[in-house]
Amino acid sequence: MPEMPEVETMVERFQRWKGWRITDVEVDPEMTPAAAKKYLPEDEYNTVIGQAITGVYRRGKFIVITTSSGALLCHNAMSGYWDSTLEPWTFDYVEGARKPHDSDVRVDLKLESAKEVWYVRFHDARMFGSLRFVDPAALATKLSTIGPEVVGSTHLYEPKEVITAEEFGRALNKGKAVKELLMDQSRMAGLGNIYAAEALWYAGISPMRLGMTLSGAELHKLFEECGNVLNAAVIRKLNYDGLKIYRRKTCSRCKGPVTAEKLKGRTTHWCPACQK
Ligand SMILES: [Zn+2]
């Protein structure tokens with residue numbers, strides 16, 4: 001699943017389209033009616049055609065492409081990624097390279113600048129993602145459910161304050177597993193399955209601990225490590241060589257076996273020897 005650093009990388013690539021115009025849209029004609037509603041249904045794509053792109057931003061794990069009268073709002077979910085026919089970006093994700101397949105293209109946008117024409121494609125094999133066109137009010141409503149960012153970015157849409165240590169402590173002071181709380185985007189935005197596991201490993205805290213049992217010192221350490229792992233991942237872009245615990249067989253610190261167990265449906269990697 002693309003996480004915040006992957007989305008940030010996509011948003012950085014898309015900066016070049018600022019000022020370009022969306023001159024045509026094609027959607028996958030073979031989707032079920034229910035799926036078709038999530039990927040620019042007819043009334044939305046008819047509105048989009050002809051609009052100029054005014055900016056490309058990130059908020060949480062959403063991509064926000066603003067236009068003259070609203071925004072394209074994209075969530076990549078499990079399997080979404082973008083490429084272009086001129087530049088077939090192989091998306092090297094942690095689970096392995098994603099090669100562009102024509103069969104999983106849900107939306108094809110024709111983008112034009114004064115000098116160039118690009119066909120930009122949104123792929124989503126498993127179809128848990130979405131690409132909608134929303135007016136400014138609907139955009140504000142949708143984004144209002146997202147908590148403050150764990151780390152800032154130059155591409156943030158309407159930057160909310162980055163979460164403070166006090167807010168972080170309050171968000172985790174609950175009787176739920178700490179990893180589940182870290183990944184709850186309404187509490188704080190940016191940590192997914194990979195980077196929550198990594199931050200907890202660096203902090204030496206078990207993902208299964210209830211948030212409310214963390215000491216002040218543990219909260220402080222975890223707060224720092226959450227920022228560190230996300231900032232480092234953004235800098236490394238799509239290079240996963242530095243992961244310490246996620247999908248590893250042995251712990252990078254003690255060399256003992258890594259436990260992989262489900263927590264809220266997500267495989268959670270942690271070291272029982274190093275994480276208490
Ligand atoms: Zn260990």
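Since the structure is predicted, the reported quantities are computational estimates derived from the model, not experimental observations.

S.K.: Help me out: how do you make sense of the coordination of the zinc ion in this one?
M.R.: Six octahedral donors around a metal ideally sit at 90 or 180 degrees from one another, while four tetrahedral donors ideally sit at 109.5 degrees. The protein atoms that coordinate the zinc ion are Cys-251 (SG), Cys-254 (SG), Cys-271 (SG) and Cys-274 (SG), at distances of 2.2 to 2.4 Å. For the zinc ion, the four donor atoms are set out with angles of 101 to 114° between them, so the coordination reads as tetrahedral. Sequence spacing among the residues donating to the zinc ion works out to C-x2-C-x16-C-x2-C. Cys-271 gets classed as buried once you look at its relative accessible area, which sits at 1%.

S.K.: How should I be thinking about unusual backbone geometry in this particular structure?
M.R.: Only a minority of non-glycine residues have a phi that is not negative, and only a minority of peptide bonds are not trans. Positive phi values are uncommon outside glycine, yet Leu-40 reaches one of about 40°. The topology assignment puts Leu-40 in the loop between α2 (33-36) and α3 (42-48). Positive phi, close to 65°, is recorded for Lys-255, a residue that is not glycine. Tracing the chain through its elements places Lys-255 in the loop between α8 (216-236) and β11 (259-263).

S.K.: Can you help me understand the packing of aromatic side chains in this one?
M.R.: Aromatic ring pairs: the centre-centre distance and the angle between the two ring planes describe each pair. In the structure shown here, the tally under the stated rule is nine aromatic pairs. Taken together, the ring pairs connect Phe-14, Trp-17, Trp-20, Tyr-39, Trp-82, Trp-118 and Phe-122 into an aromatic cluster. In this structure, Arg-253 packs its charged tip against the face of Trp-201, placed 4.0 Å from the ring centre.

S.K.: Looking at this structure, I do not really get the nonpolar core. What am I missing?
M.R.: Among soluble globular proteins, nonpolar side chains are generally buried collectively. Membership of the largest hydrophobic core comes to 33 residues, with the highest contact counts inside it found for Phe-168, Leu-172, Leu-182, Met-188, Tyr-195 and Leu-222. Residues within four places of Tyr-195 in sequence aside, it is in contact with Glu-3, Pro-5, Glu-6, Val-229, Leu-230, Ala-233, Tyr-240 and Leu-243. Counting residues in each nonpolar core, the second largest holds 31 residues, with Phe-14, Ile-63, Cys-74 and Phe-122 among its members.

S.K.: What is the right way to read the side chain of Lys-61 from this model?
M.R.: Structurally, Lys-61 is set in the loop between β2 (53-59) and β3 (62-67). Although buried, Lys-61 forms no salt bridge, and the nearest oppositely charged side chain, Glu-3, lies 5.6 Å from it. Every residue in contact with Lys-61, bar those within four places of it in the chain, is listed here: Met-1, Pro-2, Glu-3, Met-4, Val-7, Cys-74, His-75, Asn-76, Gln-185, Leu-191 and Gly-192.

S.K.: Help me out: how do you make sense of the side chain of Gln-51 in this one?
M.R.: Among the structural elements, Gln-51 can be located in the loop between α3 and β2. Look at Gln-51 and you get buried, because its relative accessible area is 7%. For Gln-51, the contacting residues outside a window of four places in its chain are Trp-20, Arg-21, Ile-22, Thr-67, Ser-68, Ser-69, Gly-70 and Phe-133.

S.K.: Just checking my understanding: could you explain the pairing of β11 for this structure?
M.R.: Sheet faces and side chains relate simply in a regular strand, where the side chains alternate between the two faces. Judged from the five bridges that link them, β11 and strand β12 (residues 266-270) form a sheet pairing that is antiparallel. Within β12, the residue paired with Glu-261 across the bridge is Thr-268.

S.K.: Mind showing me how you'd approach the packing of helix α7 (residues 193-203) against α8 here?
M.R.: When two helices pack together, their arrangement is given by the angle between their axes and by how far apart the axes lie. Running from amino to carboxyl end, α7 crosses α8 at an angle of 130°, the nearest separation of the two axes being 8 Å. Put simply, α7 runs oblique to α8. The handedness of the crossing between α7 and α8 is right-handed. Counting all contacts with α7, which are made through Tyr-195, Glu-198, Ala-199, Leu-200, Tyr-202 and Ala-203, the residues of α8 involved are Lys-221, Leu-222, Glu-225, Cys-226, Val-229, Leu-230 and Ala-233. Taken together, the residues that form the contact of α7 with α8 break down as ten nonpolar, no polar and three charged.

Basis of the calculations
- Residues numbered from 1 in each chain as written.
- Predicted model: local features only at pLDDT ≥ 70, side-chain atom pairs only at ≥ 80, totals over all residues.
- Heavy atoms only, no water.
- Donors = N, O, S within 2.8 Å, 3.2 Å for Na, K, Ca; no water.
- Tetrahedral: all angles 85-135°; square planar, octahedral: opposite > 155°, others 65-115°.
- Buried < 20%, exposed > 50% of the residue type's maximum accessible area, 1.4 Å probe, protein only.
- Helix = DSSP H or I, 4+ residues; strand = E, 2+ residues; numbered from the N terminus.
- Phe/Tyr/Trp six-rings, centres within 6.5 Å; stacked < 30°, edge-to-face > 60°.
- Lys NZ or Arg CZ within 6 Å of the ring centre and 35° of its normal.
- Core = buried A, V, L, I, M, F, W, Y, C linked by side-chain atoms within 4.5 Å.
- Contact = heavy atoms within 4.5 Å.
- Lys, Arg positive; Asp, Glu negative; His and termini not counted.
- Salt bridge = Lys/Arg side-chain N within 4 Å of Asp/Glu carboxyl O.
- Pairing = 2+ DSSP bridges.
- Axes fitted to C-alpha atoms, helices over the stretch in contact; angles between N-to-C directions.
- Parallel < 35°, antiparallel > 145°, perpendicular 65-115°, else oblique.
- Left-handed = near helix turned anticlockwise from the far one by under 90°.
- Nonpolar A, V, L, I, M, F, W, Y, C, P; charged D, E, K, R; others polar.

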